Amino acid sequence: MKFKTNNKIVLNHPVINDCLIFDLETDSLNTDEANIKFIGAYSYKNEKYYILSGKDIHKFQDLLNDHRILIGFNNKNFDNPILENNGFAINWKIVFDCYWVLYNPEKRKPNRKPIIKLKDGSILDSKAKTNSLRDISKALDFEVQKGDIDYKIFRKESWTKEEIKEIEHYLFHDIMLTRLLFEFYIDYFDTARDFVDDENISKLNYIRSSQGSFTYSGMCHECNLPVIFADGKKSEKYEGAFVLEADICRVDDGIYFDFTSLYPLLMTQCNLWSIAREGEPYWNGDDFFTTFGKYSINEMGVREKAVYKFYKQRKILKENKDPRELWIKIFLNALYGISSSPIFVSMFTPTTAKDTTLLGRQCLQYAVKIFNEYGLPVRYGDTDSCFVELNGHTKQYAMRIADLIVEELQEHFPFPVPEFQLKVDDFIKSIWFFGKKKFYIYINDKNKLVIKGLPIIKGNASMLGQKILDILKPQILENQDIKFKKVYIDGLVDKYLKEDIAVIGQIYNVKPITAYKGTSSIQAQISIAYGEGSYQFIANKKIGTIGKSKKYCTPEEARTLEVKDLCLDKFWNEITPFLYTK
DNA sequence: GCCTGGTGCATACC
DNA sequence: ACTGGTATGCACCAGGC
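Calculation criteria
Residues numbered from 1 in each chain as written. Chains lettered and ligands numbered in written order. Predicted model: local features only at pLDDT ≥ 70, side-chain atom pairs only at ≥ 80, totals over all residues. Heavy atoms only, no water. Helix = DSSP H or I, 4+ residues; strand = E, 2+ residues; numbered from the N terminus. Buried < 20%, exposed > 50% of the residue type's maximum accessible area, 1.4 Å probe, protein only. Contact = heavy atoms within 4.5 Å. Areas by Shrake-Rupley, 256 points an atom, 1.4 Å probe, with all protein chains shown as cover. Lys, Arg positive; Asp, Glu negative; His and termini not counted. Charge placed at Lys NZ, Arg CZ, Asp CG, Glu CD. Near = heavy atom within 4 Å. Polar contact = N/O pair within 3.5 Å; in protein donor to acceptor, adjacent residues only side chain to side chain. Nonpolar A, V, L, I, M, F, W, Y, C, P; charged D, E, K, R; others polar. Expected span 1.5 Å × (residues − 1). Pairing = 2+ DSSP bridges. Salt bridge = Lys/Arg side-chain N within 4 Å of Asp/Glu carboxyl O. Bend = angle between axes of the 7 residues up to and from the residue. Core = buried A, V, L, I, M, F, W, Y, C linked by side-chain atoms within 4.5 Å. Axes fitted to C-alpha atoms, helices over the stretch in contact; angles between N-to-C directions. Patch = residues over 30% accessible without salt bridge, like charges linked within 9 Å, V, L, I, M, F, W, Y side chains within 5 Å.

## Brief notes about the overall build of chain A
Phase 1: Looking only at helices and strands, one finds 20 helices and 19 strands in chain A.
Phase 2: Relative to its full complement of 582 residues, chain A shows a buried share of 52%.
Phase 3: Taking contacts inside chain A between residues at least 6 apart in sequence as the whole, the part at least 24 apart equals 63%.
Phase 4: Approximately 29,100 Å² of chain A is accessible, and the part contributed by carbon and sulfur atoms is 49%.
Phase 5: Counting 81 positive and 79 negative side-chain charges, chain A places the averaged centre of each group 3 Å from the other.

## Remarks on the protein's contact with DNA strand C
Phase 1: Neighbouring DNA strand C are 36 residues, the closest being G240, K437, K548, S549 and Y552.
Phase 2: Within 4 Å of the protein, the contacting atoms of DNA strand C are drawn from sugar and phosphate to the extent of 86%.
Phase 3: Note that a phosphate oxygen of DNA strand C is positioned 2.9 Å from one of the side-chain N or O atoms of S210.
Phase 4: Side-chain polar atom of N573 to a phosphate oxygen of DNA strand C: 2.9 Å apart, as the coordinates give it.
Phase 5: Every element with two or more residues in the surface near DNA strand C is listed here: α10 (211–223), α13 (325–339), α18 (522–530) and α20 (569–575).
Phase 6: The biggest single contributor to the surface near DNA strand C is α13, with three residues.
Phase 7: Considered class by class, the residues forming the surface near DNA strand C number 12 nonpolar, 14 polar and 10 charged.

## A short note on the protein's contact with DNA strand B
Phase 1: As a structural note, the neighbourhood of DNA strand B is formed by 16 residues, with D384, Y440, G459, N509 and Y516 the closest of them.
Phase 2: Among the atoms of DNA strand B lying within 4 Å of the protein, the sugar-phosphate backbone contributes 94%.
Phase 3: Contact distances for DNA strand B include 2.9 Å between a base oxygen and a side-chain N or O atom of K438.
Phase 4: Between a phosphate oxygen of DNA strand B and a side-chain N or O atom of Y440, the distance comes to 2.7 Å.

## Considering the environment of L52
Phase 1: You can see L52 is positioned in strand β3 (residues 48–53).
Phase 2: Separated by 15 residues in sequence, L52 and K37 have C-alpha atoms that sit 8.5 Å apart.
Phase 3: Sequence-distant contacts of L52, that is, excluding residues within four places in its chain, are made with K37, F38, I39, I57, K59 and F60.

## Thoughts on helix α16 (residues 463–479)
Phase 1: Relative to the 24 Å expected for 17 residues at 1.5 Å per residue, α16 spans 24 Å between its end C-alpha atoms, a close match to the ideal helical length.
Phase 2: Taken residue by residue, α16 has L464, G465, I468, L469, L472 and I476 as its buried positions.
Phase 3: Considering only its buried residues, α16 is in contact with β15 (440–444), β16 (449–452), α17 (486–499) and α20.
Phase 4: Following α16 by one or two positions, Q480 has its phi on the positive side, about 55 degrees.

## Observations regarding the pairing of strand β12 (residues 378–382)
Phase 1: With four of its five residues buried, β12 lies for the most part within the structure.
Phase 2: Pairing of β12 with strand β13 (residues 385–389) involves four bridges; the strand directions are antiparallel. Of the residues in β13, the one forming a bridge with D382 is S385.
Phase 3: Where β12 folds back onto β13 in an antiparallel hairpin, the turn is made up of two residues, including T383, whose phi is positive at roughly 65 degrees.

## Some points on the side chain of T356
Phase 1: With respect to the secondary-structure elements, T356 resides in helix α14 (residues 352–373).
Phase 2: Reaching out from T356, the side chain makes a polar contact with the backbone oxygen of T352 at a distance of 2.6 Å.
Phase 3: If near-sequence neighbours (up to four positions away) are discounted, T356 is found in contact with Y263, L266, M267, L272 and Y336.

## Description of the pattern of salt bridges
Two side chains with opposite charge may pair up if their charged atoms get near one another.
Phase 1: Within this structure, the stated rule accounts for 23 salt bridges.
Phase 2: Here K45 makes a salt bridge to D66, at a shortest N to O gap of 3.1 Å. Here the residue K45 occupies a position in the loop between β2 (36–43) and β3, and D66 occupies one in the loop between α2 (60–65) and β4 (69–72), the gap between them amounting to 21 residues.
Phase 3: Between E389 and R379 there is a salt bridge, with the nearest N and O atoms lying 2.8 Å from each other. Separated by 10 residues along the polypeptide, E389 in strand β13 and R379 in strand β12 bring together distant segments of the chain.
Phase 4: E389 gets classed as buried once you look at its relative accessible area, which sits at 14%.

## So, α13
Phase 1: Taking 1.5 Å per residue as the helical rise, α13 with its 15 residues ought to reach 21 Å, and the 21 Å between its terminal C-alpha atoms agrees with that figure.
Phase 2: Taking the largest bend as the criterion, α13 deviates by roughly 35 degrees, centred on N333.
Phase 3: The set of residues buried in α13 consists of E325, L326, W327, I328, I330, F331, L332, A334, L335, I338 and S339.

## Focus: the nonpolar core
Phase 1: With 107 residues, the main nonpolar core has F96, F182, Y185, W327 and F371 as its most contacted residues.
Phase 2: Of the residues forming this core, the biggest block, 11 residues, is contributed by helix α7 (residues 161–188).
Phase 3: Residues contacting Y185, with those up to four places away along its chain left out, are F96, C98, V101, L102, I116, D190 and I207.
Phase 4: Residues L464, A558, L566 and F571 belong to the second largest nonpolar core, which totals 35 residues.

## Describing the sheet that holds strand β18 (residues 533–540)
Phase 1: One open sheet holds the three strands; their spatial order is β17-β18-β19, and the pairing between them is antiparallel. Edge strands, defined here as strands with exactly one partner in the open sheet, are β17 (506–510) and β19 (551–553). Adjacent strand axes in the sheet meet at a mean angle of 50 degrees, parallel and antiparallel pairs treated alike.
Phase 2: When β18 meets β19, the two strands line up antiparallel, connected through three bridges.

## Considerations on a negative patch on the surface
Phase 1: A grouping of D286, D287, D403, E407 and E411 is seen on the molecular surface, where their side chains present a negatively charged patch.
Phase 2: Secondary-structure assignment places D287 in the loop between β10 (282–283) and β11 (295–296).

## Describing the pairing of β15
Phase 1: Of all five residues making up β15, five are buried, and the element is well covered by its neighbours.
Phase 2: Here β15 shows two buried faces, one formed by Y440, Y442 and N444 and the other by I441 and I443.
Phase 3: Count of turn residues in the strand β14 (residues 422–434)/β15 antiparallel hairpin: five residues, of which G435 carries a positive phi of about 70 degrees.
Phase 4: Bridge count for β15 against β16 is four bridges, and the pairing is antiparallel. Bridge pairing in β16 places I443 opposite L449.
Phase 5: Linkage of β15 to β16, two consecutive antiparallel strands, is achieved through a turn of four residues, within which N447 is found at a positive phi near 60 degrees.

Have a look at this one:
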């Protein structure tokens, strides 16, 4: 069986010949008791595929001994422990788990999945619903796709010729898929190698690690600082951003402003990694701002210089459509996070993060004050941005005030840079607020509808809510209004519930039961009954084993329910922002 | 039985 | 191996009346 691959890039990687791709087929999903029935593998060194079974399985150790990097899909939590339980020695290997690259199941947080951009411009995170090899392969449009097999076949002790053929075909496909995914990573992250040192490259850390860790390596590399970690240390809690509470209102004609890279540029402009030595002249706010620390004003520090250099470099790379701009973008976003974490020894200074947020709050609050004073009411603000009502003034007027604000702020920075601006993010025709933070809807001057935060756009919104929103969206743009009559929505609800009562269902993502503190939470109940995973449930008053006050049943069980049995309160909460208030 | 406030959890915004 | 705080909504639970 042949398949295409981008040989040039693969051959160019300095450690490709250390790589061994593998996959196990076992008689159980429980790693403690699973026996290995088949092993599939591909060696880059030998340029060969392997399928081992029966008496030959032990020969896999020879392949292991011959390779430094072990590549699999979910091998960290599944294949590797099973290998060890079955007497294979792998403890010194570099574990490359194609699944962990996308998602960190321990922290229950996405890793690289949200930053992987596909050729059609979409993001892998939105194109692949789950992190399964099947969904990922589909989204990445691989020429080989995941096969199907009845897993009971692996519980047998012997197989017919046809069964062996089927198993080998299935296993071979899985190995090829893992190989394609691995090579996709090697290709996609190729330009990231420019930002890290040789050791990082040889361990493939620039692909495997979290974005914070990658940023740390990149900053250390740029600043000639050692990449060392301190373990066990937790960061102290400190205050974060300022969020301005919104009124319940609609505002027409306004501008959304935001500070350009607020946190990174505050760090550089205020030298926030460079604590002033005893007796040295220092900056601590210039009687305009307040700060926790005292910072050197003799010279911009190495870290600050590096951040500023990266910021300027990204601008140029972006203009030239150079893919390396993405890695700098990650640096700039993750910088503030790593600066607050003592584990990143070379980037940690105790006051850096809390002064970054403190100065950030003061910048935004100063902007709010000045806009208001100049007759431009600030209706909302969050961290580095604010929405300003034009109130009869021109856009140019508002933009001049924004420049004025920055000018005054920079008067008091020790190292002001011209890239720091209060820039227009969007010109807004109409915006709706709901008296809550982080919730708003607007239509911009290009007639684009933007919805932020509302329950209806969250992943755990009801299907019905999502469906009705899709119907409303074009009408919102046509009407230039988000409000609808209740009778109209009632009609849609009736129609969809009649078509399929399960449409009221919502998705619940649950962790393994061990991840929960107790057994009473709804997530723990689901986890006990169905195990880790993503499930749809219908809240109702009648059936289902999940739930104490409401009951939750599966879509199949819901077929016996009537509309009056359903709990629709979550749906109505989602849709309320779109209803006229009496 | 109803209300309240605290807590755990998921998911969003930045 | 290893980035942060702010915010909402939902469900559960204990304690008050």
